[in-house]
Amino acid sequence: MSLNNTLNLNLARKIINAMISFSMDNNMLPGSYAVTDSGGHVVALERRDSALPATVDLAIDKAWTASVMKLSAKVLDQVITRGEGWRLNVKYHGRMTLIHGAIPLIIQGEVVGGIGHSGESIEGDEKIAQAGFAGAYREEEFETNVEKGLEISRSIAESVINYVNSNKLKPVAITITDVNGWPLLIYRMDGTPYGFVEISRSRAWTSSAFKLNSHEVTKIVGEIIECPNGEDSNERFNTSQGGIYIGNIIGSLGVAGNSPEEDYKIATNSLKSLNI
Amino acid sequence: MPKVLETINTDISIIGAGIAGSAIARELSKYDLSITVIEQKNDIGLEGTTTNHALVCQGADSLTFRPGTLHAELNIKSIPLWPKLAEELNFKFRRIGGLWLIRDNSDFKKFQKMYSRAFKSSLDPKSPLLIPEGSFIPLKFLNKKELKNEEPEISDEFFGALYDPNLATVNPPEVAKAYAENAKANGTEFLFNTKINNIKRVSGKFELYSDKYIIKTDIVINASGIEADKIAELAKARDFSYVPFKGTIVEFDDELGKMINHETLILPRGSPHMQLISPTYDGKLRAGIYLEMTFRSNKEIKDYAIKHAINVSKTLYPGLPFENHILKSFTGFMAMTNPDTGWHDFVIGIPEFVPNWVNVILGPAGVSASPMLGKKVVEILSKSGVRFEEKKNYQPSIRKGVIS
Ligand SMILES: Cc1cc2nc3c(=O)[nH]c(=O)nc-3n(C[C@H](O)[C@H](O)[C@H](O)COP(=O)(O)OP(=O)(O)OC[C@H]3O[C@@H](n4cnc5c(N)ncnc54)[C@H](O)[C@@H]3O)c2cc1C
């Protein structure tokens, strides 16, 4: 068997599992684990329950950096910029990350994506990201015994994927946030345009923020024209259909990829089949 | 009814009888300990230790390794140990020397740097890569004519070479066997056809399970080569990561072997594949190396990888009929750490949360560093509090067959 040089959701999940398994075996701090495609767009992200909320976007930015620079942060830091790394960020507003734990995923000699971890020391972040890379080159799956919130998030995401596949709908992006609106999980099904990632995330955020399904928010706050929408601070407002408030252990589910009506249906039916 | 497993008690268990496990067993057999080496195959060194280029880095090569790494340290410290070892254990150690071919100015500049690094390393006592006096013949630049003198068949394309007279070759499985037989003669036990498939930790001891034995042991040395990640995971002792690098090598017969005297190589440009051909200990030639990251089960020999070896050989020696002298092709796997940057290093260490467990991961140039491996393991275990008492009657040269 050899390794296909396309990065898909299954491979991204395998890489994340390899990272989580490594960090658990080594008693490392829980964090966020991100895999992006060659354009730096999220394919999968998971955050363990007790990990700091802020690690979500740090992990994504690390993976993004490795993808779009086709280099490890370690090399950017030690070989290329050597203390002048801030210059890169004049253009990229701090997104370019020189903190170790950001490495490109290389398959058949090509950079097909990036791997990012945040939540440990720099040495720890680097070790965990390396474990993710190595995980791509393991044939067997890693079993991980994750905490309740992430475990439920995974089963909801799987239920959405099954629903979409068995009803032959367009693939979707899925975001599951905690009650504070911070993602526990983001998955992009194969074939989903990356633009839907942010839509699913903002729908889930909006549902958590108002404890309502995303499209019901206007009923209580009126039609808002101007609204805080800072990707930098995770404040993202979206009142189209597709965000469902759950509010028990986890916060909300956001789905995007079809029409808003269809996305709403996917989300509710997927939760129904799990009795949530 | 479940089969009853035979219990074996031992102080130290070494999983894997490749060059690493065997070399470490020999070093440990100098101390008052009971040692058991456990190997899944029916003989010594049948995996990575067989499927490689058989070179012993003795100078220029070692000096290209990243300073500050264990990879560089153990290789360079092994240089002066090899000739003595070959004498003690009576295996063939053939100095072939290496020619690093110069195509143009850019090659020349690179080699100049290496040349001065080698010079410093062999002279400057403060150098982190000091090669002890007397064990290193200085490198030398050869012009076209001198190069032709050394290798009459070499292509006219090259206008010189950096010559490293130190480089040597051995038969790695023979060396591994020599280490093992000396360890055996000094009291080490060997279990063959014994594959470890489960590991438990019971009141401070490790229990290693195969389908025949339970081996109860205080200390484990994980020297299982490309499988070291999986073995470590059984004990939650994997604090490292690597990717399997598959290398494909083509071997040519001794008729061609007579035509080439040195390891000859060019630096790859814009390609991850090594470009070299070198004589073996027994007068044949090995060429390659096509390198790819892949699953470890993907042992298939690819046509393009064979072609690479032949093309390299023909670029270096255009007049020789390589196609008609192929003996065999084979693939081997090495563990590569930091595959994203190529900043490979060995791993020899005790994981923070699993005391008395030592991981040994080599990857490239592991054979060359083998004389130092056991010493490093002893150093690390001593630092962690294990007490070693030297045996009075250790004998460095006696050998006893390991297969009963
Ligand atoms: C293409 C290629 C070219 C190379 N060229 C050179 C070179 O020219 N010079 C050089 O110095 N180095 C070279 N190397 C590197 C060198 O081959 C390795 O560093 C070295 O052989 C590794 O030795 P080892 O003992 O760690 O592994 P191995 O020799 O693979 O030994 C591991 C042993 O563990 C056993 N084992 C595994 N799992 C279990 C289990 N569950 N239970 C029991 N036993 C188990 C295996 O059967 C095996 O015998 C090359 C490598 C490759 C792939």
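All residue numbers refer to positions counted from 1 along the written sequence of the respective chain. Starting at A for chains and at 1 for ligands, labels are handed out in the order in which the entities are written. Given that this is a predicted model, residues contribute local features only at a pLDDT of at least 70 and side-chain atom pairs are listed and counted only at 80 or more, while totals for whole chains, interfaces and linings are drawn from all residues. Side-chain metrics in this entry use all non-hydrogen atoms of the structure; hydrogen atoms and water are not considered.

**Re the overall build of chain A**
Each helix is a run of DSSP H or I of at least 4 residues and each strand a run of E of at least 2, with the numbering of both proceeding from the N terminus. A count of helices and strands for chain A gives nine helices and eight strands. Taken over the C-alpha trace, chain A has a radius of gyration of 18 Å; the compact-globule value for 276 residues is 19 Å, and the two agree within 12%. Here the C-alpha coordinates of chain A stretch approximately 55 × 45 × 35 Å along the principal axes. Put simply, chain A has 276 residues, and 57% of those count as buried. Radius of gyration: C-alpha atoms only; globule rule: 2.2 Å multiplied by the number of residues to the exponent 0.38. A 1.4 Å probe rolled over the protein chains alone gives each residue an accessible area, and that area as a share of the maximum for its type sets the label: buried under 20%, exposed over 50%, partly exposed in between.

**Remarks on the sheet that holds strand S6 (residues 183–188) of chain A**
Residues and elements named next belong to chain A. When DSSP finds two or more bridges between two strands, those strands count as paired. Strand order in the open sheet made by the eight strands is S3-S4-S1-S2-S6-S5-S8-S7, with antiparallel pairing throughout. Of all strands in the sheet, those with a lone pairing partner are strand S3 (102–107) and strand S7 (243–248), marking the two edges. The sheet shows a mean angle of 15° between the axes of neighbouring strands, taken without regard to direction. Sheet topology note: the strand S5 (residues 173–177)/strand S8 (residues 250–256) ladder contains five bridges and is antiparallel. Of the residues in S8, the one forming a bridge with Ala 173 is Ala 256. Residue contacts are defined here by distance: any two heavy atoms, one from each residue, within 4.5 Å place the two residues in contact. Fitted lines through C-alpha atoms give the axes, limited to the stretch in contact for helices. The angle between two N-to-C directions lies from 0 to 180 degrees. Against the sheet, helix H2 (residues 55–69) makes contact with strand S1 (32–37), strand S2 (42–47), S3, strand S4 (110–118) and S6, and its axis sits at roughly 155° relative to S4, the strand it touches most. Relative to the sheet, helix H5 (residues 122–136) contacts S1, S3 and S4, its axis offset from that of S3 by approximately 15°.

**Describing the side chain of Arg48(A)**
All names here are of chain A. By secondary structure assignment, the location of Arg 48 is in the loop between S2 and H2. With relative accessibility at 7%, the residue Arg 48 sits in the buried group. Whenever two N or O atoms come within 3.5 Å, that pair is a polar contact, provided that in protein one can donate a hydrogen and the other can accept it, and provided that, for residues adjacent in sequence, both atoms are side-chain atoms. Polar side-chain contacts of Arg 48 include one of 2.9 Å to the side chain of Glu 147. Arg 48 has contacts with Ile 20, Ser 23, Met 24, Pro 30, Gly 31, Tyr 33, Glu 147 and Leu 150, leaving out every residue within four places of it along the chain.

**Some words on the site of the ligand**
Residues and elements named next belong to chain B. Glu 39, Thr 49, Leu 55, Gly 363 and Ser 368 are the nearest of the 36 residues found near the ligand. At a separation of 2.9 Å, an oxygen atom of the ligand approaches a polar backbone atom of Gly 48. To measure how exposed things are, a 1.4 Å probe is used in the Shrake-Rupley method; for residues, cover is taken only from the protein chains shown. Across the complex, the protein chains shield 95% of the 1,000 Å² of accessible surface that the ligand would expose by itself. Mapped by element, the contributors of at least two residues to the shell around the ligand are helix H1 (19–28), strand S13 (243–252) and strand S17 (326–336). In terms of residue count, S17 provides more of the shell around the ligand than any other element does, three residues in total. For this purpose, a residue is taken to be near a molecule or strand whenever a single non-hydrogen atom of the residue falls within 4 Å of it.

**Overview of the interface of chain A and chain B**
Many structure descriptions define interface size as the accessible area lost when the parts assemble. If you look at the interface, chain A gives 28 residues, while chain B gives 23 residues. Taken over both partners, the interface formed by chain A and chain B buries close to 2,300 Å², and the fraction arising from carbon and sulfur atoms is 55%. The term salt bridge refers to a pairing of a side-chain nitrogen on Lys or Arg with a carboxyl oxygen on Asp or Glu at a separation within 4 Å. Where chain A packs against chain B, one counts three salt bridges. In this structure, Glu233(B) engages Arg138(A) in a salt bridge whose closest nitrogen and oxygen atoms are separated by 2.8 Å. Once two parts are brought into contact, the accessible area they lose, counted with a 1.4 Å probe and summed over both, makes up the buried area.

**Looking at the domain arrangement of chain B**
All names here are of chain B. Note that the domain bounds reflect an automated or database-derived domain assignment. Splitting chain B by domain gives domain 1 (6–50 + 173–242 + 344–383) and domain 2 (95–166 + 243–336). The centre of domain 1, based on its C-alpha atoms, is set 31 Å off from the matching centre of domain 2. Contacts between domain 1 and domain 2 engage 11 residues on the former and eight residues on the latter. Summed over both sides, the interface of domain 1 with domain 2 buries roughly 900 Å², with 63% coming from carbon and sulfur. Of all residues in domain 1, Ile 226, Tyr 242 and Pro 364 bury the most surface against domain 2, accounting for 52% of the area lost on that side. Our count for the domain 1 to domain 2 interface comes out at two salt bridges. Between Asp 229 and Arg 296 there is a salt bridge, with its nearest N and O atoms 2.7 Å apart. Remark: the boundary between domain 1 and domain 2 carries two residue pairs in polar contact (both at pLDDT 80 or more). Across the side of domain 1 that touches domain 2, the residue classes break down as five nonpolar, three polar and three charged. The nonpolar class holds Ala, Val, Leu, Ile, Met, Phe, Trp, Tyr, Cys and Pro. Asp, Glu, Lys and Arg form the charged class, and all remaining residues, Gly among them, are polar.

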